[in-house]
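Listed here are the chains, written in short residue letters.
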Amino acid sequence: MTVTLTNPLRVGLRQERVVSPQCLVIFGASGDLTSRKLVPALFELFRQRRLPTEFAVLGCARRPWSDEEFRGQMAEALGDLIHEHRGAWDQFAAGLFYEPVDLQQPEHLVRLAQRLEVIDRHRATRNNRTFYLSVSPKFYGSGCSALAAAGLLSDPERSRVVIEKPFGRDYGSAQELNRIVQTSAKESQVFRIDHYLGKETVQNILVLRFANTIFEPIWNRNYIASVEITAAETVGVEERAGYYESSGALRDMVQNHLTQMLALTTMEAPGRFDAEAIRNEKAKVLQSARLADELEPWNCCVRGQYGPGGTARRPLTGYRQEPGVNPNSTTETYVAMKLFIDNWRWQGVPFYLRTGKRLPKRMSEVVLTFREAPVHLFDAAGGSPTANQLILRIQPDEGAGFRFEVKSPGSGMRSRPVDMHFSYDESFGEPSDEGYVRLLADAMLGDPTLFTRGDEVEAAWRLYTPLLELIEDSPWQLPVHPYEARTWGPAAADNLLGRDGLMWRRP
Ligand SMILES: NC(=O)c1ccc[n+]([C@@H]2O[C@H](COP(=O)([O-])OP(=O)(O)OC[C@H]3O[C@@H](n4cnc5c(N)ncnc54)[C@H](OP(=O)(O)O)[C@@H]3O)[C@@H](O)[C@H]2O)c1
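All of the points below concern the structure found in this document.

Examining the pairing of strand 9 (residues 301–310)
- The buried count for strand 9 comes to eight of ten residues, which makes it a mostly enclosed element.
- Here four bridges tie strand 9 to strand 11 (residues 334–341), and the two strands are oriented antiparallel to one another. Bridge pairing in strand 11 places valine 302 opposite alanine 336.
- In terms of strand pairing, strand 9 meets strand 18 (residues 480–485) through six bridges, oriented parallel. Bridge pairing in strand 18 links glycine 309 to alanine 485.

Some points on a negative patch on the surface
- On the surface, Asp170, Glu469, Glu472 and Asp473 cluster together into a patch of negative charge.
- The residue aspartate 473 is located in helix 14 (residues 454–473) in this model.

Description of the site of the ligand
- The environment of the ligand is made up of 22 residues, and the closest members are Ser30, Asp32, Arg36, Arg63 and Tyr140.
- Separating an oxygen atom of the ligand from a side-chain N or O atom of arginine 36 is a distance of 2.5 Å.
- Residue tyrosine 140 places a side-chain N or O atom 2.6 Å away from an oxygen atom belonging to the ligand.
- Here the ligand has 890 Å² of accessible area as a free molecule, and 80% of this is covered by the chains.
- Of all the elements, helix 1 (residues 32–47) adds the most residues to the shell around the ligand, at three residues.
- When its residues are assigned to classes, the shell around the ligand shows ten nonpolar, five polar and seven charged.

Thoughts on helix 2 (residues 67–78)
- In this model, helix 2 (twelve residues) spans 17 Å end to end at C-alpha, consistent with the 16 Å of a helix rising 1.5 Å per residue.
- Every buried residue belonging to helix 2 is among Phe70, Arg71, Met74 and Leu78, and all of these are buried. Projected onto a plane normal to the axis of helix 2, the buried residues spread over an arc of 100° and lie on a single side. Pointing more than 90 degrees away from the buried face of helix 2 are the exposed residues Glu68 and Glu76.
- For helix 2, the secondary structure elements touched by its buried residues are helix 1, strand 2 (55–61), helix 3 (80–84), helix 4 (86–93) and strand 3 (96–100).

A few points about helix 14
- With 20 residues, helix 14 should reach 28 Å at 1.5 Å per residue; the first-to-last C-alpha distance of 27 Å fits that figure.
- Of all the bends in helix 14, the largest measures some 50° and sits at threonine 465, one to four residues before the proline proline 466.
- Counting buried positions along helix 14 gives 14 out of 20 residues, so the element sits mostly inside the fold.

Digging into the side chain of aspartate 194
- Structurally, the position occupied by aspartate 194 is in the loop between strand 6 (190–192) and helix 8 (200–210).
- This buried residue, aspartate 194, is left without a salt bridge; lysine 165 holds the nearest opposite charge, at 7.0 Å.
- Polar side-chain contacts of aspartate 194 include one of 2.6 Å to the side chain of histidine 257.
- Once residues lying within four places of it in the same chain are set aside, the contact partners of aspartate 194 are Asn256, His257, Gln260, Leu439 and Thr452.

Describing the sheet that holds strand 4 (residues 129–133)
- Strand order in the open sheet formed by six strands is 3-2-1-4-5-6, with parallel pairing between adjacent strands. One side of each edge strand has no neighbouring strand; the edge strands of this open sheet are strand 3 and strand 6. The mean inter-strand angle of the sheet, taken between neighbouring strand axes irrespective of direction, is 20°.
- One ladder, built from three bridges, connects strand 5 (residues 159–163) with strand 6; its direction is parallel. Paired with valine 161 across the two strands is valine 190, which belongs to strand 6.

What counts, and at which threshold
Residues numbered from 1 in each chain as written. Predicted model: local features only at pLDDT ≥ 70, side-chain atom pairs only at ≥ 80, totals over all residues. Heavy atoms only, no water. Buried < 20%, exposed > 50% of the residue type's maximum accessible area, 1.4 Å probe, protein only. Helix = DSSP H or I, 4+ residues; strand = E, 2+ residues; numbered from the N terminus. Pairing = 2+ DSSP bridges. Patch = residues over 30% accessible without salt bridge, like charges linked within 9 Å, V, L, I, M, F, W, Y side chains within 5 Å. Areas by Shrake-Rupley, 256 points an atom, 1.4 Å probe, with all protein chains shown as cover. Salt bridge = Lys/Arg side-chain N within 4 Å of Asp/Glu carboxyl O. Lys, Arg positive; Asp, Glu negative; His and termini not counted. Charge placed at Lys NZ, Arg CZ, Asp CG, Glu CD. Near = heavy atom within 4 Å. Polar contact = N/O pair within 3.5 Å; in protein donor to acceptor, adjacent residues only side chain to side chain. Nonpolar A, V, L, I, M, F, W, Y, C, P; charged D, E, K, R; others polar. Expected span 1.5 Å × (residues − 1). Arc of directions from axis to C-beta. Contact = heavy atoms within 4.5 Å. Bend = angle between axes of the 7 residues up to and from the residue. Axes fitted to C-alpha atoms, helices over the stretch in contact; angles between N-to-C directions.

Shown next as structure tokens:
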């Protein structure tokens, strides 16, 4: 069963806003994120005609590249895409510039300010600037301070700063970073990125909940028995061992991406659709969230680490054998946990979160399992009727599904479950933009709706503090359970749900 558009007219489905004249300054312009995500996203915006002609990108890093070298490096990174769109690339590349800047050298920021004035005149960018900190997190605070000291954040209407993840390592460091950032700029100028919020399907959680009347009355503890939030990856640590060893799945995925999905799924309806109203509700619900057992967190959390696996023809390396990983590493590549939200809507409903690397399938989803019918009148094909489930598929195969019981054909009165599907691709016929396309455009438009506010980030870190402290102080109480690569994580994670009489969904 599928769902189709009521008005299947394909033209005019997209709603896009054009960025205002400005210069985007990228610190870390020679880094991985810039070439893999940011410049491709900007080129996509350019091709969609969402960048004005009064636009420039100024790349900054320490290495002494010229404008031409920067353009050449970005062209190489975009590869075949440029050959397909040569003319567009030439026009786009004419707006790319480079300035060698060490964020730790105040005089470099002074030179940067002068270069920006030249670009403003040359490209008519009207002193309007977005500064993107795509550098090591250790420069987020000092970078903001340096920009402020150079007077580059003094106009809140014309300057803003985008900060990459991770924002802090724990509650204390996030508080301290917020303090420094908020001393340098107004909160309205600060755009903390969580690229999950750039996904169409994550935004769709809000539309599904608040544009339809049928969901809201049952979106609570009276009808929902449990909620599962999963972000599964098939890849291992790849070339990111240096970063991942000091991060792990809890910091890399749970505190940000999974928690954002949790917040959107559980928040109250905002009073109106604007950034502050939405972010107020998200911060509020996160303040009510807690680990299922805060005093003995090992009862509600399981950590895992992938070992070798795969097949004889395609063997997969275990985490400890990956280049750059400590052979005795206790960093988790998998984490599963149970949370509660202590408010009127959700009291007593368990929320199960899990994420892991080297799992059998790449997929992210939110699954709401409804309470069973109070009386079973019919025989069920599988022994007992399957509870209704609403499945919000974040990626891939973006869309939603609903599982419910129907009568099996035949003379008896047996029930069996069926699935109803909505697919973005089938209904809208075009792939969604990469998250960075949306987020870059929104930051440059000064729209903070899809960015995390300071108090939200702190609430998210505070939620996981008992776990982070336990891992730090007595890691043996939360050991990493090995699991074979390309399996669904350690058996201990199955027991976490098994104790509640449940099983993880295996899509
Ligand atoms: N890569 C990803 O997929 C990804 C995903 C999510 C979040 N992030 C976050 O994005 C940020 C950048 O990641 P990345 O992977 O692009 O890192 P990266 O490849 O290590 O690049 C770091 C960049 O910072 C520059 N840099 C270093 N010290 C500097 C200084 N003192 N002043 C100015 N520039 C300096 C480097 O160039 P020079 O050596 O020439 O100075 C380089 O361009 C990190 O915070 C990361 O956590 C990355």
